[in-house]
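The residues making up each chain are set out below.
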Amino acid sequence: MAGLARSAATAGVRDRLAADAGRSIEVNGRWSAHGLPDADRAVRAALARTMAGTPFRTETAVRGASAINLPLPPAARQRAGDTTLAAIPVALPDAGRYARLRSGAWPDAQDAAPEGALRVALPAEAADRLGVDSGATVPVRHPGTGDPLTLLVTGVYRPDPDAAAFWAGLEGADGAGRALMPVDTAALTALPGYGDRAIAVWLALPDTGRSSLPELSALRGRVAAFARSDTARSVYRGAEPALADTTVRSALPAAVDGQVVPALTVRSEIAVPGALLALLAAVVLVLTARRLADTVAAEQALQRSRGAGVARLLGAAAGEWA
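Here's what I pulled together on the structure shown here. (Residues numbered from 1 in each chain as written. Predicted model: local features only at pLDDT ≥ 70, side-chain atom pairs only at ≥ 80, totals over all residues. Heavy atoms only, no water.)

### A closer look at the overall build of the protein chain
From N to C terminus, the protein chain includes 9 helices and 11 strands. Split into buried and exposed, the 322 residues of the protein chain put 39% on the buried side. At a minimum sequence separation of 6, the contacts of the protein chain that also span at least 24 residues come to 78%. For the protein chain, the exposed surface amounts to about 17300 Å²; the carbon and sulfur share of it is 56%. (Helix = DSSP H or I, 4+ residues; strand = E, 2+ residues; numbered from the N terminus. Buried < 20%, exposed > 50% of the residue type's maximum accessible area, 1.4 Å probe, protein only. Contact = heavy atoms within 4.5 Å. Areas by Shrake-Rupley, 256 points an atom, 1.4 Å probe, with all protein chains shown as cover.)

### Description of the nonpolar core
In globular proteins that are soluble, nonpolar side chains generally tend to be buried together. With 50 residues, the main nonpolar core has I25, L70, L122, L151 and F226 as its most contacted residues. The element contributing the most residues to this core is helix α2 (residues 36-51), with 6 residues. In this view, L70 contacts T83, T84, L85, A87, L122, L130, V140 and L151; residues no more than four positions away in its chain are not counted. If you look at the next biggest cluster of nonpolar residues, it comprises 20 residues, including V90, A99, W167 and L205. (Core = buried A, V, L, I, M, F, W, Y, C linked by side-chain atoms within 4.5 Å.)

### Things to note about the environment of D207
By the secondary structure assignment, D207 is in the loop between β10 (198-206) and α6 (213-228). Take D207: its relative accessible area is 48%, and that puts it in the partly exposed class. A C-alpha to C-alpha distance of 7.0 Å links D207 and T54, two positions 153 residues apart in sequence. Those residues in contact with D207 that lie beyond four places of it in its chain are T54, P55 and F56.

### Some remarks on a nonpolar patch on the surface
A grouping of L276, L279, V283 and L287 is seen on the molecular surface, where their side chains present a nonpolar patch of about 400 Å² in accessible area. Inspection of the secondary structure puts L287 in helix α8 (residues 252-305). Its relative accessible area of 56% is what places L287 among the exposed residues. (Patch = residues over 30% accessible without salt bridge, like charges linked within 9 Å, V, L, I, M, F, W, Y side chains within 5 Å. Salt bridge = Lys/Arg side-chain N within 4 Å of Asp/Glu carboxyl O.)

### Quick word on α2
Helix length check: α2 (16 residues) gives 22 Å between terminal C-alpha atoms against 22 Å at 1.5 Å per residue, within 8%. Residues of α2 that are buried include every one of A39, A42, V43, A46, L47, T50 and M51, and no others. Projected down its long axis, α2 carries its buried residues within an arc of 165°, all on one side. Positive phi appears at A52, one or two residues downstream of α2, with a value of about 50°. (Expected span 1.5 Å × (residues − 1). Arc of directions from axis to C-beta.)

### Some thoughts on the pattern of salt bridges
Following the criterion strictly, the structure yields 10 salt bridges and no others. The salt bridge involving D245 is made with R30; its shortest N-O contact spans 2.4 Å. Linking D245 in the loop between α7 (231-234) and β11 (247-250) with R30 in strand β1 (residues 25-30), this pair joins segments that are 215 residues apart in sequence. A residue is classified by how much of its surface remains accessible, and R30, at 42% relative accessible area, is partly exposed. Its salt-bridge partner being R97, residue E59 comes within 3.1 Å of it at the nearest N-O pair. Residue E59 is found in strand β2 (residues 56-64), and its partner R97 is found in the loop between β4 (84-91) and β5 (99-104); the two are separated by 38 residues along the sequence. By relative accessible area, E59 is classed as buried at 5%. Salt bridges linked by common partners bring E26, R63 and R249 together as one network.

### Observations concerning the packing of aromatic side chains
By the definition in use, this model includes 4 aromatic pairs. Taking the centre distance of 5.5 Å and the plane angle of 20° together, the rings of Y157 and W167 count as stacked. On the criterion of sequence distance, the pair formed by Y157 in strand β8 (residues 148-159) and W167 in helix α4 (residues 164-171) is long-range, its members being 10 residues apart. Note on accessibility: Y157 and W167 belong to one class, buried. (Phe/Tyr/Trp six-rings, centres within 6.5 Å; stacked < 30°, edge-to-face > 60°.)

Here is the structure:
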């Protein structure tokens, strides 16, 4: 019973943690074309040390440091001061791995956009609020310079539910509630005043499908220590940081606490009645043996009173065992 309970609790924790949007580990730094190769090697090595054998994959992206405010039509304004929808431009190596297009196509550097326009893809929820679809243009203001900027919507997408941890990690610490707007990497870093403010992002997504509860607890401790660490030591190992402002962020410790601690509590609650049942079984066994011994002793006393010798008693005992 205890074994089945432990197995069920562990399987439940694995399933819930796999679907938890907070299970990613994010490392980010100020984007620089010169320092990116060295930073990539250092970050991947640091993540491998942190995972310590736990299977994981690392995804990369470039995220804008500032949101672009998209003007909302009057019908889509939920409050009086709700005049814009904040969207964060992100550049992904292969956006199609994490989302499905509802219409149009992903931004493509090979296709020339109209002069002064930035090719983007919008999430379906944001596109519906703005009342636009593929092929539409949205006039905005450049977040860095304030100059007019035109967005050309090349596609509308829906995030893949299985990639919830990727999208949540990509939002960053203060990006919750903002639309993620895929663009081309070259176009994003080429925006005037935006290249120096772009953020290089590494997202580690652990595969905990075969991890035991103690292994998950150990992973939680390593990730928590990594998130609190000085990246000059934990990432760059004392060398000159390849990217400025390198930081680590993860909600995985909280996600593990929310899953593993209740499971361990359930296991301890099951262990108490199990131990009581084992004690009760032992008491019943002892009492039964005592009663059987008393019965046998009484029978032997009766046989002796009738003149039975040792040989006869041993023969009777052997007959009972046979």
